[in-house]
Amino acid sequence: MSDGSPDTNTWRASAPGRVNLIGEHVDYNHGWVLPMAIGQRVSLDARPAEGCWAIFESDGAPEPVRLDLSHPEPQATPDWGRYVQGVVWEFIRVTGATLPGFHATLHSDIPQGAGLSSSAALEVAVATLLETITGHTLKALDKALLCQHVEHTYAGVPCGLMDQAASTLCEADHVLLLDCVTHEYRQVPFEDPNVVVLIANSGVSHQLADGAYARRRQECEEVLAILDKPHYRDVSMADLGKAHERLGPVRYRRARHVLSENGRTLSMVNALEQADWMTVGELLYAGHASIRDDFEVSCTELDYLVETAHDLGSEQGVIGSRMTGGGFGGSTVTLVHKNAVARVQSALENAYRDRFGFSPSCFVARPSHGAC
Ligand code: GLA
């Protein structure tokens, strides 16, 4: 949906960031994920321009990205231009579309390095803008896959599909259950107006391209090679137990997280559908313990935020809490009863400031809609 068209000579597109409720580090391990889009978005406004240049200006970057459309191949750009040009060249390759010259301005209110998928939102927003400009519409899932491919080949992050799928497919008042094997998905209602998601950005900037993410992915692949199984759907906890020695302690724990997290994600869907908030909370805390101890991608600051929420407990209106996204910094999600959210937020901020000397930035989210 756009409120511009080639006829009116302006085009507009936007795509949201996301948080993941549960199903962490399992999208590249044949699992199920349960993200929701947040209200913060990357927005693009574009108009036609003379010549064969695509120019992207961002209010957050000193230098524009200038792409010579007569040479659809990698060109020197500022750093964030990797994502932009990746999408432009892949879109041309996949659709065969001819792009006219245009000038786009970009605005984003998704904090960067906060684990909220600002780069996936940028990719999906650019792809959606190109659909609007050219009239070539991709199937939603194909658009997500194109953007994931860009993340792999242009940004060097071997990510799963969750972030791009969430930014493309999510709907308001729903969380997205995505099967990362079949790519089937379903919208799970998250409609109770009395429950909100409090996001706390630890201010510890995560960096997925530095190798730790790729290492986790490799360890998980090594487990399958040792067990001689094609994917995690064929592996049981009993298989892991029997192979414990062959796997060694680290690989064993990585795989245990994958299996236990898959169970939690499917249980979370049931619990949400029953509005069983007590179980939702237990699953969030258990998910955090597993990603912290077995997958080891949390950090002191995220653990402290989750512990503080846990200590406030249900009497103070907290349902549950865990870190969200790739980890090594970034944000936590805490489900909170709406009438308690101001109190919980200031308790988290105060405790965190006392411990680390600066405030986390907190904001309240409800499930928002995908790219448009
Ligand atoms: C990052 C990746 C996703 C996913 C999460 C962890 O956000 O981009 O594909 O693996 O980490 O769940």
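This section reports on the structure supplied with the text. (Residues numbered from 1 in each chain as written. Predicted model: local features only at pLDDT ≥ 70, side-chain atom pairs only at ≥ 80, totals over all residues. Heavy atoms only, no water.)

**Notes on the overall build of the protein**
Reasoning step 1: Each helix and strand counted, the protein has 10 helices and 12 strands in total.
Reasoning step 2: Taken over the C-alpha trace, the protein has a radius of gyration of 21 Å; the compact-globule value for 372 residues is 21 Å, and the two agree within 12%.
Reasoning step 3: C-alpha atoms of the protein, sized along the principal axes, occupy 60 × 50 × 40 Å.
Reasoning step 4: Considering the protein as a whole, with its 372 residues, one finds that 58% of them fall into the buried category.
Reasoning step 5: Partitioning the contacts of the protein with sequence separation of at least 6, the portion at a separation of at least 24 is 70%.
Reasoning step 6: Counting only carbon and sulfur atoms, one obtains 49% of the accessible surface of the protein, whose full area is about 15,100 Å².
Reasoning step 7: The averaged location of the 47 negative side-chain charges in the protein is 4 Å from the averaged location of its 29 positive side-chain charges. (Helix = DSSP H or I, 4+ residues; strand = E, 2+ residues; numbered from the N terminus. Rg over C-alpha atoms; globule rule 2.2 N^0.38 Å. Buried < 20%, exposed > 50% of the residue type's maximum accessible area, 1.4 Å probe, protein only. Contact = heavy atoms within 4.5 Å. Areas by Shrake-Rupley, 256 points an atom, 1.4 Å probe, with all protein chains shown as cover. Lys, Arg positive; Asp, Glu negative; His and termini not counted. Charge placed at Lys NZ, Arg CZ, Asp CG, Glu CD.)

**Considering the site of the ligand**
Reasoning step 1: Close contacts around the ligand come from 13 residues, with Glu24, His25, Asp27, Asp163 and Tyr213 the closest.
Reasoning step 2: Note that an oxygen atom of the ligand is positioned 2.6 Å from one of the side-chain N or O atoms of Asp163.
Reasoning step 3: Gly326 places a polar main-chain atom, nitrogen or oxygen, 3.4 Å from an oxygen atom of the ligand.
Reasoning step 4: Expressed as a share of its isolated accessible area of 300 Å², the protein-covered part of the ligand is 97%. (Near = heavy atom within 4 Å. Polar contact = N/O pair within 3.5 Å; in protein donor to acceptor, adjacent residues only side chain to side chain.)

**Topic: the packing of aromatic side chains**
Reasoning step 1: All told, the structure shown has six aromatic pairs when counted by the stated rule.
Reasoning step 2: Plain terms: the ring middles of Tyr352 and Phe356 are 4.7 Å apart, the flat faces sit at 50 degrees to each other, and that makes the pair tilted. One end of the pair is Tyr352 and the other is Phe356, both in helix H10 (residues 341–356) and four residues apart, which spans about a single turn.
Reasoning step 3: Pairwise contacts between aromatic rings join Tyr304, Tyr352, Phe356 and Phe358 into one cluster.
Reasoning step 4: A cation over an aromatic ring shows up here: Arg355 above the ring of Tyr304, its NZ or CZ 4.9 Å from the ring centre. (Phe/Tyr/Trp six-rings, centres within 6.5 Å; stacked < 30°, edge-to-face > 60°. Lys NZ or Arg CZ within 6 Å of the ring centre and 35° of its normal.)

**Overview of H10**
Reasoning step 1: The terminal C-alpha atoms of H10, which comprises 16 residues, lie 22 Å apart, in line with the 22 Å expected from a rise of 1.5 Å per residue.
Reasoning step 2: All buried positions along H10 are accounted for by Val341, Val344, Gln345, Leu348, Glu349, Ala351 and Tyr352.
Reasoning step 3: For H10, the elements touching its buried residues are strand E9 (195–201), helix H9 (300–312), strand E10 (318–324), strand E11 (331–337) and strand E12 (361–365).
Reasoning step 4: In the stretch just after H10, Gly357 is the one whose phi turns positive, near 85 degrees. (Expected span 1.5 Å × (residues − 1).)

**Digging into the nonpolar core**
A general trend in soluble globular proteins is that nonpolar side chains are found buried together.
Reasoning step 1: Counting 71 residues, the largest nonpolar core has Phe56, Val88, Phe102, Leu129 and Leu335 as its most contacted members.
Reasoning step 2: Per element, the largest residue contribution to this core is nine residues, and it comes from helix H2 (residues 118–134).
Reasoning step 3: Not counting residues within four places of it along the chain, the set of residues in contact with Val88 comprises Phe56, Leu67, Leu69, Leu99, Val126 and Leu130.
Reasoning step 4: Of all hydrophobic cores here, the second largest spans 37 residues; its members include Tyr28, Ala255, Leu259 and Phe295. (Core = buried A, V, L, I, M, F, W, Y, C linked by side-chain atoms within 4.5 Å.)

**A word on helix H1 (residues 81–95)**
Reasoning step 1: The first and last C-alpha atoms of H1 sit 21 Å apart over 15 residues, in line with the 21 Å expected at 1.5 Å per residue.
Reasoning step 2: Most of H1 is tucked away: 12 of the 15 residues are buried.
Reasoning step 3: Gly81, Tyr83, Val84, Gln85, Gly86, Val87, Val88, Trp89, Glu90, Phe91, Ile92 and Thr95 are the residues of H1 that are buried.
Reasoning step 4: The secondary structure elements touched by the buried residues of H1 are strand E4 (53–58), strand E5 (65–68), H2 and helix H3 (140–154).

**Structural notes on the environment of Gly115**
Reasoning step 1: One can find Gly115 in the loop between strand E6 (102–108) and H2.
Reasoning step 2: Given the relative accessible area of 4%, Gly115 is considered buried.
Reasoning step 3: A sequence separation of 212 residues divides Gly115 from Gly327, and the C-alpha atoms of the two residues are 7.0 Å apart.
Reasoning step 4: Apart from the residues within four sequence positions on either side, Gly115 is in contact with Arg18, His206, Thr324, Gly325 and Gly330.

**Describing the sheet that holds strand E3 (residues 35–48)**
Reasoning step 1: Taken together, five strands build an open sheet; the order of strands is E1-E3-E6-E4-E5 and the sheet is mixed. Taken across any chain shown, the strands that pair with only one partner, and hence form the sheet edges, are strand E1 (11–20) and E5. If you compare each strand with its neighbour and ignore which way they point, the axes differ by 20 degrees on average.
Reasoning step 2: Set on the sheet, H1 makes contact with E4 and E5; between it and E5 the angle comes to about 30 degrees.
Reasoning step 3: H2 rests against E1, E3, E4 and E6 of the sheet, and its axis sits at about 150 degrees to E1. (Pairing = 2+ DSSP bridges. Axes fitted to C-alpha atoms, helices over the stretch in contact; angles between N-to-C directions.)

**Quick notes on the pairing of E9**
Reasoning step 1: The buried count for E9 comes to seven of seven residues, which makes it a mostly enclosed element.
Reasoning step 2: Residues Val195, Val197, Ile199 and Asn201 point to one face of E9 and Val196, Leu198 and Ala200 to the other, with burial holding for every one of them.
Reasoning step 3: Two strands pair when backbone bridges link them, and E9 and E11 are joined in this way by seven bridges, in the antiparallel orientation. Its bridge partner lying in E11, Val196 is registered against Val336.

**Side note on the side chain of Arg322**
Reasoning step 1: As for its placement among the helices and strands, Arg322 is situated in strand E10.
Reasoning step 2: The exposure class of Arg322 is buried, given its relative accessible area of 0%.
Reasoning step 3: At 2.9 Å, the side chain of Arg322 and the backbone oxygen of Leu21 are in polar contact.
Reasoning step 4: Only 2.8 Å separates the side chain of Arg322 from the side chain of Glu24, close enough to count as a polar contact.

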